[in-house]
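Secondary and tertiary structure notes
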Amino acid sequence: MTINALAATTSANAAITAANAAISASTDGRQKLPLREPGDTAPTPVAELTPTLQRLRQAWQAKKPDYAQRRADLQRLREALKRRLPEMADTIAADFGHRSRHESLIADGMTVLNEIDHLSSHLRGWMKPRRVGVGWRFWPARAEVRSEPVGVVGVIAPWNYPVNLALIPLATAIAAGNHVYVKPSEHTPKTTEFLRSLLAEVFPADRVALAAGGADVAGAFAALPFDHLVFTGSTAIGRKVMAAAAPNLTPLTLELGGKSPAIICPDYPVEKAAARLATGKWFNGGQTCIAPDYVLIDEGRVPALVQALRAQVLARYGDFDDPGDYTRIINDGQYQRLRGYLYDARALGLDVVELATINATQSTNERLLPPTLVLEPGDDAKVMQEEIFGPILPIKSYRNLDEAIAFVNSRDRPLSLYPFSFERESVEKILHHTLAGGVTVNDSLLHFGINDLPFGGIGPSGMGAYHGRAGFDGFSKALPILWQSRRAGSDLLKPPYSKVQRFIDFIIR
């Protein structure tokens with residue numbers, strides 16, 4: 001696959017279309033072959049990719065990681081990351097222009113440490129063979145299933161949570177006994193250098209490697225014959241990654257995106273819904289794949305929700321004179337894409353409500369986009385056609401819950417779904433009649449952080465899952481093994497069958 005196959009095409013509508021692809025194309029990779037000096041952002045030569053993969057695979061074949069090595073690797077990774085969390089937060093902030101330090105510590109620090117702790121505490125049990133029954137027809141044989149590492153796992157990570165979405169799949173693959181080749185995003189080059197340095201500190205070069213570069217490297221990386229490939233990004237780029245992997249029949253875990261809805265039922269208090277939506281939507285400046293993408297609320301309560309969200313902005317960020325806790329848009333392409341959604345909405349005559357007043361020059365210079373609502377958009381609005389990936393929140397009213405459910409079902413299955421109701425019957429109705437990659441009831445985002453909940457989409461929002469046991473199993477081969485006894489009934493099953501007719505009649509009865 002070439003650079004053109006993985007990169008989004010640029011057209012007259014590029015401010016919307018190409019940048020949407022870039023959201024998750026963010027596929028920059030650095031390699032660990034010769035370690036480079038910090039700050040050196042030279043891309044990995046495409047010619048180095050295959051030799052690096054071969055080196056990783058040869059080392060894995062020579063010595064497959066046992067329990068002691070896997071646990072030691074996880075603990076070294078944890079210790080190194082914990083020690084360097086302040087550096088990590090500063091580095092991510094430098095890539096974003098400004099990113100809330102606390103959001104980095106929570107989303108890119110705590111989540112990784114939490115996942116490593118979970119993997120480490122359960123690893124021994126997950127590695128044990130599982131006895132399974134054989135059924136009376138196969139007695140006295142016995143059977144088991146072993147979780148065997150697959151080999152070398154490739155990880156293509158995006159820019160929005162550049163440490164989290166690189167290290168959680170990496171740590172999971174290490175726990176499963178694999179070697180790893182990771183490619184961070186070119187849109188966060190300083191974080192790529194941080195990851196290069198961190199991984200070089202923790203792992204030998206033939207166990208974990210890192211590649212850096214743009215779409216040409218991304219295309220070549222996706223086309224490598226990995227034993228498993230994990231991609232986090234947009235649906236559009238996910239299709240291209242899948243096409244690149246297809247010639248090698250590479251197994252895939254695709255964590256994509258889409259328009260994740262929130263449904264506020266009539267019984268749920270508007271103020272509480274606003275508080276929890278505000279956290280999910282404006283964390284990381286809205287640049288979260290599972291952020292609420294639009295809100296459906298019962299007819300008549302839209303003005304109350306607008307006022308409640310405005311109050312949340314004031315309580316959280318003040319008057320925006322110095323919004324230190326508010327993350328900026330990652331780059332000018334993304335900023336202009338989001339502004340394009342608002343220009344389009346205004347051109348359609350929609351009510352666009354900015355919940356904070358920001359000086360235009362400051363907004364442009366800092367890529368500072370305030371929390372903004374778009375009220376009652378139709379399907380012709382671009383804000384309802386593509387994943388937003390920013391602090392813009394469309395709000396639509398519905399007349400009854402069936403109408404809201406029908407609206408969700410008329411679109412691609414989302415990565416996440418957020419029902420808000422204290423009435424169990426209403427929540428169960430939504431869950432029964434819709435399907436999403438994951439659900440948080442009466443809140444947002446939090447299902448991502450639960451180790452024992454598999455995280456993954458469905459259809460256009462992804463395939464496969466990871467986190468906890470789901471990731472360990474996903475990056476392993478469930479190897480079925482049958483142990484035959486010294487004497488077995490199968491010894492009788494051979495021609496001439498007339499001699500064992502009674503035995504055959506017995507086992508097929």
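Read on for an overview of the structure. (Residues numbered from 1 in each chain as written. Predicted model: local features only at pLDDT ≥ 70, side-chain atom pairs only at ≥ 80, totals over all residues. Heavy atoms only, no water.)

**Re empty space enclosed by the protein**
Per the counting criterion, the structure on display carries two cavities of 30 Å³ or more. Taken as a whole, the second largest cavity holds about 40 Å³ of empty space. Contributing to the lining of the second largest cavity are Gly-258, Lys-281, Gly-286, Thr-288, Cys-289, Ala-291, Pro-292, Asp-293, Glu-387, Ile-388 and Phe-389. (1 Å grid on protein atoms, 1.4 Å probe; cavity = no way out; pocket = protein on both sides within 12 Å on 5 of 7 lines; lining within 4 Å. Points joined across faces, edges and corners; volume = space filled by probe spheres on them.)

**As for the sheet that holds strand β7 (residues 252-255)**
Adjacent strands of a sheet pair through backbone hydrogen bonds, lying either parallel or antiparallel. One open sheet accounts for six strands, arranged β5-β4-β3-β6-β7-β15; its pairing is mixed. At either margin of the open sheet sits one strand with a lone partner, and together these are β5 (208-210) and β15 (462-463). Packed on one face of the sheet, helix α9 (residues 215-222) meets β3 (152-156), β4 (179-183) and β6 (228-232) and runs near 150° to β4. (Pairing = 2+ DSSP bridges. Helix = DSSP H or I, 4+ residues; strand = E, 2+ residues; numbered from the N terminus. Contact = heavy atoms within 4.5 Å. Axes fitted to C-alpha atoms, helices over the stretch in contact; angles between N-to-C directions.)

**Comments concerning the packing of aromatic side chains**
Using the criterion set out here, one finds 15 aromatic pairs in the structure. When the ring of Trp-126 is compared with that of Phe-472, the centres are 5.4 Å apart and the planes differ by 45°; the resulting orientation is tilted. Pair noted here: Trp-126 is in helix α6 (residues 101-127) and Phe-472 is in helix α17 (residues 468-474), with a separation of 346 residues, a long-range link. Through successive ring pairs, a cluster of aromatic residues spans Phe-96, Trp-159 and Phe-389. Positioned above the aromatic ring of Phe-96 is the side chain of Arg-99, whose terminal nitrogen or guanidinium carbon lies 5.1 Å from the ring centre. The residue whose ring lies beneath Arg-411 is Phe-407, and the NZ or CZ to ring-centre distance is 3.7 Å. (Phe/Tyr/Trp six-rings, centres within 6.5 Å; stacked < 30°, edge-to-face > 60°. Lys NZ or Arg CZ within 6 Å of the ring centre and 35° of its normal.)

**Notes on unusual backbone geometry**
A cis amide bond links Trp-139 with the next residue in sequence, Pro-140, at an omega value of 5°. Along the polypeptide, Pro-140 turns up in the loop between β1 (130-132) and β2 (142-149). Of note, the amide linkage connecting Pro-495 to Pro-496 takes the cis form, showing an omega dihedral of -5°. Relative to the helices and strands, Pro-496 is located in the loop between β16 (476-483) and α18 (501-507). Of note, Leu-249 is a non-glycine position whose phi angle comes to about 50°, a positive value. Here Leu-249 lies in the loop between α10 (235-245) and β7. Phi is positive for Phe-389, close to 55°, though the residue is something other than glycine. Using a relative accessible area of 4% as the deciding quantity, one classes Phe-389 as buried. (Buried < 20%, exposed > 50% of the residue type's maximum accessible area, 1.4 Å probe, protein only.)

**Topic: the pairing of β4**
The side chains of a regular strand alternate between the sheet's two faces. Along β4, five of the five residues are buried, which leaves the element largely enclosed by surrounding structure. When β3 meets β4, the two strands line up parallel, connected through five bridges. Bridge pairing in β4 places Val-153 opposite Val-180. Between β3 and its parallel partner β4, the chain crosses via helix α7 (residues 164-175), and the hand of that crossover is right-handed. Relative to β5, β4 runs parallel, the two being bridged by three bridges. Across the sheet, residue Val-180 finds its bridge partner in β5, namely Val-208. You can see the chain leave β4, run along helix α8 (residues 189-202) and come back into β5, and the turn it takes is right-handed. (Right-handed = clockwise from strand over helix to strand, strands pointing away.)

**Some thoughts on the packing of α6 against α7**
Viewed as axis vectors pointing N to C, α6 and α7 meet at an angle of 10°, and their least axial separation amounts to 9 Å. By the angle class used here, α6 and α7 are roughly parallel. In this structure, α6 uses Ala-107, Asp-108, Thr-111, Val-112, Glu-115, Ile-116, Leu-119 and Leu-123 to contact α7, whose residues at the interface are Asn-164, Leu-167, Ile-168, Ala-171, Thr-172 and Ala-175. In the contact of α6 with α7, the residues fall into nine nonpolar, three polar and two charged. (Parallel < 35°, antiparallel > 145°, perpendicular 65-115°, else oblique. Nonpolar A, V, L, I, M, F, W, Y, C, P; charged D, E, K, R; others polar.)

**Concerning the nonpolar core**
Counting residues in each nonpolar core, the largest one holds 85 residues, and the members touching the most others are Leu-81 and Ile-395. With nine residues, α7 is the largest single contributor of residues to this core. Setting aside residues no more than four positions away along its own chain, Leu-81 makes contact with Met-88, Val-112, Leu-113, Val-163, Leu-167, Phe-194 and Leu-198. Counting residues in hydrophobic clusters, the runner-up holds 28 residues, among them Tyr-335, Leu-369, Val-383 and Ile-405. (Core = buried A, V, L, I, M, F, W, Y, C linked by side-chain atoms within 4.5 Å.)

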